[in-house]
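Okay, here's what each chain looks like letter by letter:
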Amino acid sequence: MNYSITLTNKCNLHCSYCYLNDGRKNGEFVATMDEIDSILTILPPGVLEPIGGEMFMFPDILEYIFTKYKNKFEFEITTNCMVYNTRVEQMIKNYVRRVKVSLDSPATMEKQRFGSNIEQAIRYAKKLSRIKPTTVSSVITPENVGLIKETFDFYCIDNGFDSILFEVDEQSMTSHLDEYEVEMSRLIDSYKWGNKSILNFSRPTFQKKTEYFNNICVDFFVEGDMDTPKRRINKRLKERYNK
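Residues numbered from 1 in each chain as written. Predicted model: local features only at pLDDT ≥ 70, side-chain atom pairs only at ≥ 80, totals over all residues. Heavy atoms only, no water.

Caption draft 1: Highlighting the overall build of the protein chain. The number of helices and strands found in the protein chain is nine helices and 10 strands. Buried positions account for 47% of the 243 residues belonging to the protein chain. Counting contacts in the protein chain only where the partners sit at least 6 residues apart, residues at least 24 apart contribute 72% of the total. Roughly 12500 Å² of accessible area belongs to the protein chain as shown, and the carbon and sulfur atoms make up 49% of that amount. (Helix = DSSP H or I, 4+ residues; strand = E, 2+ residues; numbered from the N terminus. Buried < 20%, exposed > 50% of the residue type's maximum accessible area, 1.4 Å probe, protein only. Contact = heavy atoms within 4.5 Å. Areas by Shrake-Rupley, 256 points an atom, 1.4 Å probe, with all protein chains shown as cover.)

Caption draft 2: Quick look at helix H3 (residues 59-68). The complete set of buried residues in H3 reads Ile61, Leu62, Ile65 and Phe66. For H3, the angular spread of the buried residues around the axis is 125°, confining them to a single face. As for H3, its buried residues are in contact with helix H2 (33-40), strand S3 (46-51), strand S4 (73-79), helix H4 (86-95) and strand S5 (96-102). (Arc of directions from axis to C-beta.)

Caption draft 3: The arrangement of the pairing of S4 in detail. For S4, the tally of buried residues reaches five of seven residues, placing the bulk of the element in the interior. Where S3 lies against S4, three bridges are found, and the strand directions are parallel. Looking across to S4, one finds that Val47 is bridged to Glu74. On the question of chirality, the crossover connecting S3 to the parallel S4 by way of H3 is right-handed. (Pairing = 2+ DSSP bridges. Right-handed = clockwise from strand over helix to strand, strands pointing away.)

Caption draft 4: Main features of the pattern of salt bridges. Inspection of every chain in the model, using the stated rule, returns 10 salt bridges. Here Asp153 ties to Lys149 by a salt bridge, and the two come within 2.7 Å at their closest N and O atoms. With Asp153 and Lys149 both in helix H7 (residues 148-158) and four residues apart, this pair spans about one turn of that helix. Each member of the pair, Asp153 as well as Lys149, is classed as buried. Salt-bridge contacts for Arg186 lead to Glu183; the nearest nitrogen and oxygen are separated by 2.7 Å. Here Arg186 and its partner Glu183 are both found in helix H8 (residues 177-190), three residues apart, which amounts to about one turn of the helix. With relative accessibility at 29%, the residue Arg186 sits in the partly exposed group. Classification of Glu183 as buried rests on a relative accessible area of 11%. (Salt bridge = Lys/Arg side-chain N within 4 Å of Asp/Glu carboxyl O.)

As structure tokens, this is what we get:
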């Protein structure tokens, strides 16, 4: 079983599309150790991702979770790479199996991720990639949907990251999904060899179930085909390019 647990909505950036923006209108929160224990003690073993906000703003919480529950969970983490120091590096080295770094199209990143610095984020992300497997997680919005191939080229070709995950902000992308499909096809056509493409269609898909424990959000992920506009497009791409 895979889990993500939202432990804070506090962040050092303000992203225009962040799903936590509405919640921040009611104030910021950070989970307490007691609240964390009340949840993690009842979850079955699996892969756990503590999420925010920016979790490395709260190293004491992360270190508490990693050290206390290291024999129960494997850990993944997502970061915007604007917090980096020796303590962060050691936690990742000792406890985390994979890192996702939030980096959008270089043409729009600093306009959509207010407070970010793309040069600093890439520099720190490269340091992380030398410690543990690191995936770039890039959010597709109407402002950058026409730059999918260029975003791939920038991170995977020019900067040497071994994988990129394109997330779709489906709320703002409702009227741009056709363009997303066209742009994903352009990317695949540019980098396919024979019948193989750059997309990892063998990667399992997951269904998400959300529950709340004392107002703390826990997402449960189990293998299955979740019916979303993005998944339907990816299914068509899979059928088209895996023939």
